[in-house]
Structure formats: C-alpha cells, structure tokens
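Descriptive analysis of the structure
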Amino acid sequence: MITCPEISVIVPLYNVGLYVGECLESIRSQTYADFEVLLVDDGSEDNTLDVCREVVSVDSRFRVFHNDRNRGQSAARNIGLDEAIGRYITFIDGDDCVHPKYLENLVAIIKESGADIASAGFRQGRIYKGHKRVRKVYEYESMNRSEALSDMLYRRHIDANVWCKLFRRDIFVNLRFTEGIIYEDLDIMARMLMNGEHVERVAVSRDKLYFYRRRRGSTLSCFDMRRLDVLGVTARICMDMHAVFPELVAAADNRRFGANYNMLLLMVRHDAVGFKNEIGNCSAVIRRLGPKVMRDRHSRLKNRAGALFSFPVLWLVDSFLSFKLLHVKS
C-alpha cells in the first residue's frame, strides 16, 4: 500500500543549474520530513536536469519530470499539480531557498488555525545561510477570503506570489495556472480568493521562512513586452470584482493603478517610441483612477504619491514622447 505524503512540494526549474543544488538541499534539510518533491524541468539547456537526477538517486522523496522544450513556469507548475498526491501543496522556485522550519511552521499554522492557506514572510536578496532563529510559537493572523483579497490587492502582508505559502490540495481541484503569461501568480491568487472554491480563511505569519533570489536574467528582472501582462491581469480583476466583492472594487482599482503607473515608467525608460500605444493606454487608466486612489484611505503611501504627482508626470511623459517622435521623424 502506497502511503501519501502530507505535503507535495512543486519546484519548477529552468536553467538554474548554478542555484538548484542549494535550493534542493534546503528542502532536504526540513525539520518536517513527511513530504514529496516534484521537480519539473522545463526544457533547461544547462545542467539543471543532471543536478535533479543526482538528488533523485539518493532521496526517494524526490521525483523528476522533464519537458523537451521550454513551456513556461505555469505549464511546469500545472504538471506538478497533476502529479501531486499530498494533502497540502507548496511551491518553491528552483533558484530560491527555504528555512529548515518552512514546512514545519506552515503546516502547524494551517492545522491549528483551520485555514485553507497559510502564508509566511520572505526575504529578498539574502539567501539563507545556516540556521536562523524562528519563533517557536507560531504567531499568525487569520483572515476570511474577503479580508485576504483586500490585503493582497493593497499589498500589505499577503504577497501575490504562490511561493512562501501552503495550500490545501483540494483548492486546485478545478484550478490551474494560466499558461502564456508571466504574472500567473497574481492571476491565480486573485481567482482563488474571488471564486472561493475550497477557500474560506487564510492564516498569515510574518516569520521570514522563504529566501527569494532576484537574479539577472530572471523573468521579472528585465523588461520586455511580456511584462505588460500585468495590465490585462489587473484589468480582469477589476472587471470581475464588481460581481464578486463590490466592496473591494477600490482595492482592485488601487492594484490596477499601481500596475499601470509602474509599466508606464518602465516603458518610457526603455523605448518610449516603440510603446506609444501602450503608454497612451496606461496614461488613460492613471488619469481615471488617480483621483480614486488619492481619496482611498487604504492606499499605500507609494500609490498616493504616484496619484498626487500623476498629472505632472503624465505631462512630462507626453512632452518626452512628442520630443522623441519629432527626433525620429527628423
């Protein structure tokens, strides 16, 4: 008889040969040992697959899957979800690391609170080295899904990333990552909390148990047209929110405003002329939502400042774009 592990750890991998060894060792070092690990190599062209096979050969809790071509992180995670047999699901990116108590603390929180999702904090830029002290008492805040959705959209304590979280497996019975976009985490987390299938409560801990590596060449460390996916994702969230949680429309508008403002500045910085139409669309959203963000007492300071200075910024952008277009024509 096959015994199902308590937790399925899904690790999507693509050309992370320099870092995946450290990632997998941090998983093997967990104080909570009742887990399986699904390593999904998404067509890597370096030694990522070789490193994975070495670990699989010495630890039966690890399984490896391989795509012949790169299909994207969403596809890799969906393969993991299709193969997972654990009661709970967690995602760890192949170039990141986790604290030895990552699984122990999250599973303790989810069982004690009765929540459907447990979320931990993360640290960016400092990859875990050695044992860092973590509280023995699992302190957390429990939220219903409306509160959790609001918290995520206002970007307070719940981040939109699926990593650094533990999910009940049944949440994913009818839910998968959208393939072909790079803001798949925000997309699926919003759908998960808005649709509410198998999700009632979220428990949030501020213990930093996940160590996120921001590296050159990663999906969100550089700019290309795919970054504009966030505009479509946040627009859909706003549209759907009216029917699901009308009281959270302001939170959705706030997130959409921030996305458009950020993308506007990135486009101007990289190629103002090449993104003329996209800049115009972002400007229109910023003009429409800016006053709402200013009046929203829940807006974070960064968004309020952006809204306050949006009109002079947009005037400068228009002037800069006109100058660039004139220069190109001449």
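Now for a description of the structure that goes with this document. All residue numbers here refer to positions counted from 1 along the written sequence of the relevant chain. Local features are withheld for residues below a pLDDT of 70 in this predicted model, meaning they are given only at 70 or higher, and side-chain atom pairs are given and counted only at 80 or more; totals for whole chains, interfaces and linings count all residues. Side-chain metrics rest on all non-hydrogen atoms present in the structure, leaving aside hydrogens and water.

**Some details on the overall build of the chain**
Going by this rule: Here a strand is any run of E in DSSP of at least two residues, a helix any run of H or I of at least four, and the numbering for each starts at the N terminus. Burial classification: accessible surface area is computed with a 1.4 Å probe over protein chains only, and a residue below 20% of its type maximum counts as buried, one above 50% as exposed, and the rest as partly exposed. Between two residues, a contact is recorded if the distance between any of their heavy atoms is within 4.5 Å. In these tables, accessible area is a Shrake-Rupley quantity obtained with a 1.4 Å probe, and a residue counts as shielded only by the protein chains included in the view.
Across its full length, the chain carries 11 helices and nine strands. Taken over 330 residues, the chain has a buried fraction of 54%. Long-range contacts, defined here as pairs at least 24 residues apart, represent 80% of the contacts in the chain between residues at least 6 apart. Of the roughly 15,900 Å² that the chain leaves accessible, carbon and sulfur atoms contribute 51%.

**Quick look at a negative patch on the surface**
The cut-off we apply is this: Surface patches are defined over residues having more than 30% relative accessible area and no salt bridge, joining like charges when they lie within 9 Å and nonpolar side chains (Val, Leu, Ile, Met, Phe, Trp, Tyr) when within 5 Å. When a carboxyl oxygen of Asp or Glu lies within 4 Å of a side-chain nitrogen of Lys or Arg, that pair is called a salt bridge. In this count, Lys and Arg are taken as positive residues and Asp and Glu as negative ones, while His and the chain termini are left out. Lys charges are placed at NZ, Arg charges at CZ, Asp charges at CG and Glu charges at CD.
Among the surface-exposed residues, Glu-45, Asp-46, Asp-50 and Glu-54 lie close enough to one another that they form a single negatively charged patch. Mapped onto the secondary structure, Asp-50 falls in helix H2 (residues 48-58). Judged by its relative accessible area of 45%, Asp-50 is partly exposed.

**Description of the pairing of strand S3 (residues 62-67)**
Our working definition: Here, strands pair whenever DSSP counts at least two bridges between them. Here is how to tell: hold the view so the strands point away, follow the path from the first strand over the helix to the second, and if it runs clockwise the crossover is right-handed.
Pairing analysis gives six bridges linking strand S2 (residues 35-42) to S3, with the strands arranged parallel. Looking across to S3, one finds that Asp-41 is bridged to His-66. In this view, the connection linking S2 to its parallel neighbour S3 by way of H2 has right-handed handedness.

**Some remarks on the pattern of salt bridges**
Under the criterion given, the structure shown has 15 salt bridges. Between Glu-6 and Arg-87 there is a salt bridge whose closest N-O contact spans 3.8 Å. Remark: Arg-87 occurs in the loop between helix H3 (73-83) and strand S4 (88-91) and Glu-6 occurs in the segment before strand S1 (7-13); sequence separation between them is 81 residues. On the basis of relative accessible area, Arg-87 is assigned to the partly exposed category, the value being 47%. Taken together, the shared-partner salt bridges in this structure form one network comprising Arg-77, Asp-93, Glu-184 and Asp-185.

**Considerations on a nonpolar patch on the surface**
Together, Met-294, Leu-308 and Phe-309 make up an exposed nonpolar region whose accessible area comes to about 300 Å². Tracing the sequence through the fold places Leu-308 in helix H10 (residues 301-308).

**A word on the side chain of His-99**
Definition in use: Polar contacts here mean pairs of N or O atoms no more than 3.5 Å apart (in protein, one a potential hydrogen donor and the other a potential acceptor; neighbouring residues in sequence count only if both atoms are side-chain atoms).
Take His-99: it is sitting in the loop between strand S5 (97-98) and helix H4 (102-113). For His-99, a relative accessible area of 3% corresponds to the buried category. Among the polar contacts listed, one links the side chain of His-99 to the backbone nitrogen of Lys-101, at a separation of 3.0 Å.

Bear in mind that shape data such as this cannot, by itself, settle questions of function.
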